[in-house]
Structure formats: C-alpha cells, structure tokens
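Secondary and tertiary structure notes
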Amino acid sequence: MNTLSLLRDRFGPVLSSLADEVSPLLEMIRPSQDVKFGDYQVNCAMPLGKQLGLPPREVAERLIAAVDLADVCEKPQIAGPGFINLRLKDDWLSSRLAPGLSDARLGIETSPTRKVVVIDYSSPNVAKPMHVGHIRSTVIGDCLARVLRFLGHQVIGDNHLGDWGTQFGMIIYGYKHFVDADAYQQNPVMELSRLYQRVNRLCEFHAGNARFPEQNRKLDRLQQQVDDQSQICLEADAKQKKKVEKSLRKLQSQLTQVKKDRDALRSQLAQVSTDPKLSKLAEEHPKIGEAVLEETVRLHAGDEHSLALWNEFLPKCRQEIQRIYERLDIHFDVEYGESFYHQQLANVVKQFLTSGLARESEGAICVFLEDWDAPMIIRKKDGAFLYATTDLATIRYRMETWNPDAMLYVVDHRQSEHFGKLFTAARKWIHEDVQFCHVGFGTVLGRDGRPYRTRSGDTVGLENLLDEAVAKAHTVVADNDQRKPEPEMDEEERMQVARVVGHGAIKYADLSHNRTSDYEFDTDKMLALEGNTATYLQYSYARVQSIFRRAGMDARREAQTSRVFELSHPAERALALQLLRFGETLEEVLVDYRPNQLTDYLFKLAQLFSVFFEHCPVLKAERDALRESRLALSDLTSRTMKQGLSLLGIGVVERM
Ligand code: ARG
C-alpha cells in the first residue's frame, strides 16, 4: 500500500467516529507542497471543527491522540489554525524504499480491485489526414491505458474510427467528379484528401452563399437598433441614462460580433469566387451539398457501387493512419469504427421507441432529457442515423462484450454536450452499473494563440509536425554531443536518439498540460534541455546512467541488493521521499484521469536528483556504505524515470 493510502487508512476509523461523511475529509490528507510543512499534511481539522462546533486545534489534538502513527511518523506537529504536519521517520522511509531495489515494478503493487475499463481514444475521421488536434486524444488515451494496465486493470483500448460518416459521401462524390487518376495511382490517400478538401470547400461555399443575404439582413437590423438606441440615449433623462446606455453597449457589442462573422464569411466566399478555377467548379456543381448527402445515403443503404468504392478507399486510409500510430508506438486492442455498428442502428431506434425513451417530433426520432433544452436526435426526418445513434449501439456492444466497470471517452471538450446527453440516455436504456466518463481536453494553439494552422489556413498534418520535431531534436542531440570533450555518437545513433527525443517531446508537451486547458504548440519550447520537457527528463536519465557506466555494472547490482538508505543530507531525504511517492502518483493520475500528475512528478524527481547530485558525491562518497546508499538512490531514480516515461509512452536513451 502506498504511503498516502496508508495514512488515510490509519485516519479512517477515527474520522468515521467523528463524522458521517468521511471521504471528503480523507481527501484532505495530502502530500505537503513544502518541506516546511512536513511530508504529508492533514487538513481536515478545520471543516471537522466547524461540524462539531469545536476549535480546530482541539480537533487536531484529538485526532493525533487517537491515531497510531508511531511506526510511520515523527511526533505530529500542529500548525496555524489546526493543520497537522506529518514527517515520515527516516527508518520507515528507508525500509519502504528498499523492496523497490530488487523489484522490476519498483515495489509498486497492483490495485486490489481489478477493473475492466474501455478507453475510446484517438478515433479520427479516416478520410481526412490526421492533424495536430488528433495528438491529444491519442497520447492522453494511450497514457491512461498504460497506467491502468500497470496498476493491474484490464484495459480495452478502442479506436472508434469515423469511417462511415458524411466525409465518405464527400470523397465518393469527389472521386466520381474530380479524381486525378495518376495522382490517385501514386498516392491514393493524398489524392483522397485533396478530393475531400475540394468537395468540402465547394459545399461550404454554397452553404455560405445561401446564408449570406440573411447575415446581411441581420446586420442591417442590428445597425438600425443601434441607431435607434443611440437616439434614445441622447434624449434620456439623467435617471434613465445608465440603463439605456447599458443596453446600447450590449447592442453595439452584438453588432461587432455579427459584423465579424459576416466579414469572415465574406472572405471565405471570396476565396472561391476570386479563384477562376474554383468558381467555375462551384458554378458547375450548384447542388453539391445535396448530392453529397445522397452519396452518403446511398452508401448507408448498401448500394453496391458505393460500397465497392468505400471498400477500396478504407484500407488505404487506415494504412495511412497506421503509419503514424507505429511511429508513435500506439496500439489498440480493437478498432471497430462507426461502420461496425451500422447494422444495429435501426434496432437501437426501435428499442428506444418501444421502451418509451424516444418519440417522434417533427418527423425525427428524439430522446428528450431533463437537463437539456434540445433533444438528442437518433434518427433524422430523412431516415438517416446520427453520431449519437452509433454511440448508443457502441455502448450496448461494449457492455455485452466486456461488461466493463468504466468507459472513458478521450474526446475534445467541445463534444461535452453530446456525451452529457449520451450518458444520460444510455443509463436509462441499459440499466447497468457502469461509470461513463468524458475525458475532455482543450485545443492545440499556434504561437498566435489561435488553433494551430499553417499560414495558408489549413490545419497542419500530424506527420509533418513529427518530422519537424525529429529534425529539430537531431540538431539538439548533435549540438549536445559535439560540445562533449569527445563526441560519443555516430550518425546512426544520433538519428535513433533524435527519433526518441523528437516524438517524446511532442507527447510530453501534450501530457504535461492540464488536459482541460488549451496549450501552445511550439517545437522549440518542447525540445528545451531545461524545464518541464521530455528532453530534460531524457537528459537527466542519461546522466544517471552515466554514473553507472563509470561505476560499472557490479556497482549497480550491489546497489540493488542494499537494504538501508542513509538519508542524513536533506537532498538525499527529499529524493528518497519523492521516489517513494511514485505509486501514489499513479493512483492520483487515475482519480481524474490527468497525466500531468505524472509529468509533474517526474519533473520534480529530475530536479531533486539534480540537487542531490550537486550536493552528494556518489562515486566519491566518503564511506562505502554511503556510496552504496547513494548508488541505490541513483538506481531507483533512473528506473523510476524510465518506468514513468514509459507510462507516458515515451522512451529513454542511454546517452545523449
Ligand atoms: N470521430 C470523432 C471525431 O473526430 C470522435 C469520436 C469519439 N468517440 C466516440 N465514441 N464518439 O470528432
């Protein structure tokens, strides 16, 4: 059991004798942020004092008196209004750390309750090339799968590919009308993606054109309202002034927004209308929007020719995506994709209707849910099924196949409404005890603070970004090697290291940001040798490895059999404590599915090692026992780093 759980276990019975709801109180037992406050802090005396009507310090006294911690901690200290600061005994720390030395799992036990968890992640729409936005779901999902597995849970990683949606209507239409046969021969996926983009653009052009007059009328109406309101302002007496000015300001800001939207639309339309070739195409395909929908309907209805095209395109699209997964060392257990569920959708709708969970409204089949104004539509007026229908079928399939304890959806937070509705509807439908969780995340931004795009306005292909990161990593690695008195690597090794460093940098930059925030994609920053980057961690790892290269393998084996740590220097003790926290950090990652808990941990570990290394000579330690203890700390550090990075899906190198 990890230290945090152990402390919570000890406090549990005492707290439950004082309060009804114990778990929020137990959560207030936490690692301290600062050594000043000990190693762990118990902060629940304050809320408990309020509940019991007692001074918190008195509650703290009672807690300390009742909990037996003598084997684990020094005498607990009460600070401020009633904080309890706990400092682990050095002996205890040392004895808890030692088993990790001879254990490949670093002494970390698997979870006592083994859960079955489905993780739905990556899940790109396959007809389009993968772009920078796909990195988030892919690496966050992969990291959660790795951590869950390491802790002994059964994970089913499912790549819920978008392989059946309207985008296929687009490429089928594009293929029929615009294909460049030679280009398709040479690089089918590139050509399909060009077709997709062209058709999408033409569809957007016509849809935009149709919207434009209304947009203009809206603008005129608002302008008129602003003019009227300005007049009212001029005439208003002192008493009313504030109020009418406020509504004028509101109208003005609405006007600005509508103007912005109108201008954006105008320039989007101009991109087509000022391009002779595109505008000619737009003229020749005035009904492209409807035609694309018809293509999709034909495909879904099982039309032979459409299916033949789909069967021709799909493997090529999947191959393309697969290449990226291989580069990034991403593996799924299943990849059913939306098409897999197609046959089941009619039945889902039927069940929703017969059980009274859905009803017809304006021709569509809708599920009305208390917490949302708009219903969840599961069949459109024209008979087409939707994203939500497929997701419902998927849930049922997963329940029947794996009966999981939890289903995690690692998907952009912009889909939170969809998942909110989906989970609510699914619960009413399947009546199973399963935890649904939308593990949402923010947007990847460019340096301008807007969603990452190239200058031409396209989102950037993921593969180009990986190439760029590897190329930059190569420069970093080669520079670093050249600065050594004797460069150590040949070109092949530099290239191999650059791949590990480049891919690691991209993954780490993503994982180290709180998943719910947006973050800026900057390959220079993510490859910095200093700071919270994979590069810094990989470099630190290589540095620890170099100690063992100098000391010899025997020293490592010897260190791994040592049983006691000497922790007299604060830097030694701080490092030891951090090492001991690895297990509880992994549990922490799973509380709210936040990989940045692990990156923060590893970064701090590397920093503490660096302080230790500066103050505590290892190979030149003054006594043998001390040398052995320090070698043992170094061994644990390097193996914890390697294991931790591997749980992030990131590799290490022996030197860089
Ligand atoms: N293909 C979808 C998209 O690109 C994401 C799918 C997420 N998973 C799911 N079961 N809905 O937006």
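Our structure's up above, just so we're on the same page.
Residues numbered from 1 in each chain as written. Predicted model: local features only at pLDDT ≥ 70, side-chain atom pairs only at ≥ 80, totals over all residues. Heavy atoms only, no water.

1. Things to note about the layout of surface pockets
- The computed volume of the second largest pocket comes to approximately 1100 Å³.
- Along the walls of the second largest pocket sit 39 residues, with Asn-2, Ser-5, Gly-583, Glu-584 and Glu-587 positioned nearest its centre.
- Elements supplying a minimum of two residues to the lining of the second largest pocket: α1 (3–18), α5 (90–101), α22 (570–580), α23 (582–591) and α25 (624–647).
- Tallied by class, the residues present in the lining of the second largest pocket amount to 18 nonpolar, twelve polar and nine charged. (1 Å grid on protein atoms, 1.4 Å probe; cavity = no way out; pocket = protein on both sides within 12 Å on 5 of 7 lines; lining within 4 Å. Points joined across faces, edges and corners; volume = space filled by probe spheres on them. Helix = DSSP H or I, 4+ residues; strand = E, 2+ residues; numbered from the N terminus. Nonpolar A, V, L, I, M, F, W, Y, C, P; charged D, E, K, R; others polar.)

2. Let's talk about the sheet that holds strand β4 (residues 83–86)
- Taken in spatial order, the four strands make up an open sheet running β1-β2-β4-β3, and their pairing is antiparallel. The open sheet has two edge strands with one neighbour each: β1 (29–31) and β3 (77–79). Here the strands of the sheet are splayed against their neighbours by 30 degrees on average, with no regard to which way each runs.
- As paired strands, strand β2 (residues 40–42) and β4 are joined by three bridges and run antiparallel to one another. The residue bridging Tyr-40 from the neighbouring strand is Leu-86, located in β4.
- Running over the sheet, α1 touches β1, β2 and β4 and is turned about 160 degrees from β1. (Pairing = 2+ DSSP bridges. Axes fitted to C-alpha atoms, helices over the stretch in contact; angles between N-to-C directions. Contact = heavy atoms within 4.5 Å.)

3. Overview of the pattern of salt bridges
- Considering all chains together, one arrives at 44 salt bridges under this definition.
- The salt bridge involving Glu-191 is made with Arg-194; its shortest N-O contact spans 2.8 Å. Here Arg-194 and Glu-191 lie together in helix α9 (residues 188–235), a separation of three residues that amounts to about one turn.
- Within the structure, one salt-bridge network assembled from shared partners comprises Arg-447, Glu-468, Lys-472, Asp-522 and Asp-524. (Salt bridge = Lys/Arg side-chain N within 4 Å of Asp/Glu carboxyl O.)

4. A look at the side chain of Gln-215
- Of note, Gln-215 is situated in helix α9.
- Setting aside residues up to four positions removed in sequence, Gln-215 forms contacts with Val-258, Asp-261 and Arg-262.

5. So, the pairing of strand β8 (residues 364–367)
- Of the two faces of β8, the one lined by Ala-364 and Cys-366 and the one lined by Ile-365 and Val-367 are each fully buried.
- Hairpin connection of strand β7 (residues 359–361) to β8: two residues between the antiparallel strands, including Glu-362 at a positive phi of 50 degrees. (Buried < 20%, exposed > 50% of the residue type's maximum accessible area, 1.4 Å probe, protein only.)

6. A closer look at the packing of aromatic side chains
- Evaluation of the coordinates by the stated rule reveals 24 aromatic pairs.
- For the pair Phe-340 and Tyr-341, a centre-to-centre distance of 5.0 Å together with 85 degrees between the ring planes defines the contact as edge-to-face.
- Among the aromatic residues, ring-to-ring pairing joins Tyr-336, Phe-340, Tyr-341, Tyr-397 and Trp-402 into one connected group.
- Here the guanidinium or amino end of Arg-105 rests over the ring plane of Phe-150, the centre of that ring lying 4.2 Å away.
- When the ring centre of Phe-178 is taken as origin, the NZ or CZ atom of Arg-198, which lies over that ring, is 5.2 Å away. (Phe/Tyr/Trp six-rings, centres within 6.5 Å; stacked < 30°, edge-to-face > 60°. Lys NZ or Arg CZ within 6 Å of the ring centre and 35° of its normal.)

7. Here we look at the site of the ligand
- What surrounds the ligand is the set Asp-120, Ser-123, Asn-125, His-160, Tyr-387, Asp-391, Tyr-409, Val-411, Gln-415 and Phe-419.
- The contact in question runs from a nitrogen atom of the ligand to an N or O atom on the side chain of Tyr-387, over 2.7 Å.
- Here Gln-415 contributes a side-chain N or O atom positioned 2.9 Å from an oxygen atom of the ligand.
- Contact with the protein chains hides 86% of the accessible area of the ligand, taken as 350 Å² for the molecule alone.
- Each residue belonging to the shell around the ligand can be placed in one class, and the counts come to four nonpolar, four polar and two charged. (Near = heavy atom within 4 Å. Polar contact = N/O pair within 3.5 Å; in protein donor to acceptor, adjacent residues only side chain to side chain. Areas by Shrake-Rupley, 256 points an atom, 1.4 Å probe, with all protein chains shown as cover.)

8. Side note on the packing of helix α6 (residues 134–150) against helix α18 (residues 491–512)
- One can describe the packing of α6 onto α18 by two numbers: an axis separation of 10 Å at closest approach and a directional angle of 80 degrees. As far as their axial angle goes, α18 and α6 are roughly perpendicular. Between α6 and α18, the contacting residues are Ile-135, Arg-136, Val-139, Ile-140, Asp-142 and Cys-143 on the first element and Ile-506, Lys-507, Asp-510 and Leu-511 on the second.
- Tallied by class, the residues present in the contact of α6 with α18 amount to six nonpolar, no polar and four charged. (Parallel < 35°, antiparallel > 145°, perpendicular 65-115°, else oblique.)

9. What to know about the nonpolar core
- Of all hydrophobic cores here, the largest spans 165 residues; its most connected members are Phe-11 and Ile-119.
- With near-sequence residues (within four places) excluded, Phe-11 lies in contact with Leu-26, Ile-29, Val-42, Leu-63, Val-67, Leu-69 and Leu-86.
- If you look at the next biggest cluster of nonpolar residues, it comprises 34 residues, including Val-116, Leu-369, Ala-388 and Ala-425. (Core = buried A, V, L, I, M, F, W, Y, C linked by side-chain atoms within 4.5 Å.)

10. So, α5
- In this model α5 runs 17 Å from its N-terminal to its C-terminal C-alpha over twelve residues, within 8% of the 16 Å that 1.5 Å per residue would give.
- Of all the residues in α5, the buried ones are Trp-92, Leu-93, Ser-94, Leu-97, Ala-98, Gly-100 and Leu-101.
- Those residues of α5 hidden inside the fold are in contact with α1, α21 (553–561), α22 and α25. (Expected span 1.5 Å × (residues − 1).)

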